[in-house]
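Here's the letter readout for the chains.
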Amino acid sequence: CHVSPQIGLRALALPPGTWQNILMTVAEKLRLGATRPEVAPALFRLLAEAALSRAALDACGLPVAVADAAGSRPLSYVNQAFEAFFGYRAAEALGRPVQVLLAMDPPCAEQLFREPAQTVLLRAQRKDCALAQVEVSVGVVRGSDGRVTHWVLAFCDRTELEQLRARLAKPR
């Protein structure tokens, strides 16, 4: 397994004015006795941002997964490209640890979840048991307290490139 300098996804720190701040504002307004019409615009904005984020990830051509930072790092989201590339439907993948689901080498899989965010080249297994060389760009999502809450994994298939390199490296 090979670790290259950080490229691809950058750390996804949540700046002020994001959905967390909106949600805290809505909760505070409700605590202070605000009515539904008073908090509806903030809730609508929160839902619209969440829907846009999900649509953008689903439209992305690269397989993308989001893993929870707690425990065994279970997947909490996979996009359609992930389903197509790895062969797992979302219902099969969600809740399962990414390293188990993709049968990654444990030492290489652990490199995915080290800070700072990075790009790692490793071997993963698809549902049909075919092996794939994938470059995984890893980003972090932080909570309002600065702790890592989720890992964002964007996969790029490098199987053909690695096979070509191996053929070229063989003596004739």
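In case you missed it, the structure is sitting above this.
What counts and how
- Throughout, a residue's number is its position along its own chain's written sequence, starting from 1.
- Under the rules for a predicted model, residues below a pLDDT of 70 receive no local features and side-chain atom pairs below 80 are neither given nor counted, while totals for whole chains, interfaces and linings still include all residues.
- Calculation of side-chain values draws on the structure's entire complement of heavy atoms; hydrogens and water are dropped beforehand.
- In the sections that follow, a salt bridge refers to a side-chain nitrogen of Lys or Arg positioned within 4 Å of a carboxyl oxygen of Asp or Glu.
- Secondary structure elements are defined from DSSP: runs of H or I of at least 4 residues count as helices, runs of E of at least 2 residues count as strands, and each element is numbered from the N terminus.
- Partly exposed residues are those whose accessible area sits between 20% and 50% of the maximum for their type, while under 20% is buried and over 50% is exposed, using a 1.4 Å probe and protein chains only.
- Between rings of Phe, Tyr and Trp, where Trp is taken as its six-membered ring, a pair exists when centres lie within 6.5 Å; planes separated by under 30 degrees are stacked, by over 60 edge-to-face, and by other angles tilted.
- A ring has a charge above it when a Lys NZ or an Arg CZ is no more than 6 Å from the ring centre and no more than 35 degrees off the ring normal.
- By nonpolar core is meant a set of buried Ala, Val, Leu, Ile, Met, Phe, Trp, Tyr and Cys residues that side-chain atoms within 4.5 Å join together.
- Throughout, a residue-residue contact means that at least one pair of heavy atoms, one from each residue, lies within 4.5 Å.
- Here, a strand pair is defined by DSSP locating no fewer than two bridges between the strands.

Asks: I'd love a proper account of the pattern of salt bridges, names of residues and values included.
Replies: Two side chains carrying opposite charge are able to pair once their charged atoms lie near each other. A complete count under the given rule lists 5 salt bridges for this structure. With its nearest N and O atoms 3.6 Å apart, the salt bridge here joins Arg 158 to Glu 135. With Arg 158 in the loop between β6 (148-157) and α7 (159-169) and Glu 135 in strand β5 (residues 131-142), the pair connects residues that are 23 residues apart, well separated along the chain. Two residues, Arg 165 and Glu 162, come together in a salt bridge whose shortest N-O distance is 3.0 Å. Placement of the pair is Arg 165 and Glu 162 together in helix α7, with a separation of 3 residues, close to one helical turn.

Asks: Break down unusual backbone geometry for me, with residues and values.
Replies: Of note in the backbone geometry, Arg 73 takes a positive phi value of approximately 60 degrees without being a glycine. Note that Arg 73 resides in the loop between β2 (64-68) and β3 (75-78). In the Ramachandran plot, Cys 129 falls in the positive-phi region, its phi being about 75 degrees despite a non-glycine side chain. The exposed category is assigned to Cys 129, whose relative accessible area is 52%.

Asks: Before we move on, can you summarise the packing of aromatic side chains with the specific residues and values?
Replies: The geometry of an aromatic ring pair comes down to the distance between the two centres and the angle between the two planes. Using the criterion set out here, one finds 4 aromatic pairs in the structure. Through a chain of ring-to-ring contacts, three or more aromatic side chains come together here, namely Phe 82, Phe 85, Phe 86 and Phe 155. Residue placement shows Arg 126 over the ring face of Phe 85; its charged tip is 4.1 Å from the ring centre.

Asks: I'd love a proper account of the nonpolar core, names of residues and values included.
Replies: Side chains of a nonpolar character, in soluble globular proteins, are inclined to be buried together. Core analysis: the biggest nonpolar cluster contains 26 residues, and Leu 75, Phe 82, Phe 86, Leu 102, Val 134 and Phe 155 have the highest contact counts within it. For this core, the elements supplying multiple residues, two or more each, are β2, β3, α3 (80-86), α5 (98-101), β4 (119-125), β5 and β6. It is β5 that contributes the most residues to this core, 5 residues altogether. Leave out the neighbours within four places in its chain, and Leu 102 touches Phe 82, Phe 86, Tyr 88, Ala 124, Gln 125 and Phe 155. Core analysis: the next-biggest nonpolar cluster, separate from the first, contains 6 residues, Val 64, Val 141, Val 152 and Ala 154 among them.

Asks: Could you give me a rundown of the pairing of β5, with the residues and numbers involved?
Replies: Of all 12 residues making up β5, 9 are buried, and the element is well covered by its neighbours. Bridge count between β4 and β5: 7 bridges; the pairing is antiparallel. Looking at β5, one finds that Leu 122 is bridged to Val 134. Once β4 ends, the chain turns through 5 residues before running back antiparallel as β5, passing Cys 129 with a positive phi of about 75 degrees. Bridge analysis of β5 against β6 gives 9 bridges, and the strand direction is antiparallel. Bridge assignment links Val 136 to a residue of β6, and that residue is Phe 155. What sits between the antiparallel neighbours β5 and β6 is a turn of 5 residues, in which Gly 146 has the positive phi angle 90 degrees.

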